[in-house]
Amino acid sequence: MASAEHSPLTRKLSAFVALSEVELAVLERLHQRRRSFVAGRDLVHQGQSAQAAYILSSGWVCSYKLQADGTRQIVDFQVPGDFLGLRSVLLRTSDHSFEPIVDIEAAEVLASDLLDAFARTPRLATAILWAASRDEAMVVEHLVGIGRRDAEARMAHFLLELGSSLALVGIGSKEGFDCPLTQYHLADTLGLSAVHVNRVLRRLRENGLVTFRDGHVTFHDYGGLVDLAEFDPAYLDQTGPLLK
């Protein structure tokens, strides 16, 4: 796991604030409890209380909510640089679960450490609030996608958003990115069947826009995909530090 100065979270927060040496030192302390987790075993369970938050350093995680009949709905995916369970720490009880999709590395952050960091470095607290607000904006876009976009635009928007989020932490670009998600993950997230996901991906590939194959997304016509999805990245707020 990289030092906090070069961590994905630092890269992400640096899009909002130019971090000082003091703020970097506080981030380093938040990364002290470094842990590894295997794929398929929840870090946090829905309904769990008094748990820690986590800073994801490597790997992918899905957050999901269980229904009374045992089925689940994937709410979002977390990539390196994201917090896991931040809201649940502040609200005391987790309203959803987090499951690693692949083996991951994450730093455990206790509520007391987080609140101490906020008290010591208000600018860092503001940057973490920015990150949480950005995550909320992404969930809003997902709701709009499920409710109003057709299947191809929904898929295109989702892949473009993932690419932008990964580019922010240096592991994605307008050429593409590695992606461990299965068609079942995509189906659960986008409100489609796995068969429909397969058809949508095939049409996007045949139209020369994007290919998702063997764990890698390749953008062939980035601009065309943006037009199809009507993708406006302004909600991701990645244009540069607001606080100097």
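Computed from a predicted model, the values in this text were never measured in an experiment. (Residues numbered from 1 in each chain as written. Predicted model: local features only at pLDDT ≥ 70, side-chain atom pairs only at ≥ 80, totals over all residues. Heavy atoms only, no water.)

(A) Region of interest: the sheet that holds strand E9 (residues 210–213). If you walk across this open sheet you meet the 3 strands as E8-E10-E9, and the pairing is antiparallel. Each edge of the sheet is formed by a strand with only one pairing partner; in this case those strands are strand E8 (176–178) and E9. With direction set aside, neighbouring strand axes in the sheet form an average angle of 5 degrees. (Pairing = 2+ DSSP bridges. Helix = DSSP H or I, 4+ residues; strand = E, 2+ residues; numbered from the N terminus. Axes fitted to C-alpha atoms, helices over the stretch in contact; angles between N-to-C directions.)

(B) Spotlight on the packing of helix H6 (residues 151–168) against helix H9 (residues 222–229). The N-to-C vectors of H6 and H9 enclose an angle of 125 degrees; their axes lie 8 Å apart at closest approach. It follows from the interaxial angle that H6 and H9 lie oblique. Read as a crossing pair, H6 and H9 show a hand that is left-handed. Facing Glu152, Ala153, Ala156, His157, Leu160 and Ser164 of H6, the residues of H9 in contact are Tyr222, Leu225, Val226, Leu228 and Ala229. (Parallel < 35°, antiparallel > 145°, perpendicular 65-115°, else oblique. Left-handed = near helix turned anticlockwise from the far one by under 90°. Contact = heavy atoms within 4.5 Å.)

(C) Representation of the side chain of histidine 142 within the structure. Counting through the fold element by element, histidine 142 comes out in helix H5 (residues 122–148). The exposure class assigned to histidine 142 is buried, which follows from its relative accessible area of 14%. In this structure, histidine 142 is in contact with Val75, Asp76 and Glu161, ignoring residues within four places of it in sequence. (Buried < 20%, exposed > 50% of the residue type's maximum accessible area, 1.4 Å probe, protein only.)

(D) Just the domain arrangement of the protein, in detail. Segmentation of the protein into domains returns domain 1 (4–136) and domain 2 (137–236). Here domain 1 and domain 2 have C-alpha centroids that lie 23 Å from each other. Of the roughly 1,900 Å² buried at the junction of domain 1 and domain 2 (both faces included), carbon and sulfur atoms supply 63%. Area buried by domain 1 at its contact with domain 2 is led by Trp60, Phe77 and Arg134, which between them contribute 36% of it. At the surface where domain 1 touches domain 2, the tally comes to 0 salt bridges. Where domain 1 packs against domain 2, one counts 11 residue pairs in polar contact (both at pLDDT 80 or more). At the level of secondary structure, the elements contributing two or more residues to the side of domain 1 that touches domain 2 comprise helix H1 (8–13), strand E4 (72–78) and H5. At 6 residues, E4 tops the list of elements feeding residues into the side of domain 1 that touches domain 2. Along the lines of polarity and charge, the residues of the side of domain 1 that touches domain 2 split into 11 nonpolar, 2 polar and 7 charged. (Domains from an automatic or database assignment. Buried area = accessible area lost by both parts, 1.4 Å probe. Salt bridge = Lys/Arg side-chain N within 4 Å of Asp/Glu carboxyl O. Polar contact = N/O pair within 3.5 Å; in protein donor to acceptor, adjacent residues only side chain to side chain. Nonpolar A, V, L, I, M, F, W, Y, C, P; charged D, E, K, R; others polar.)

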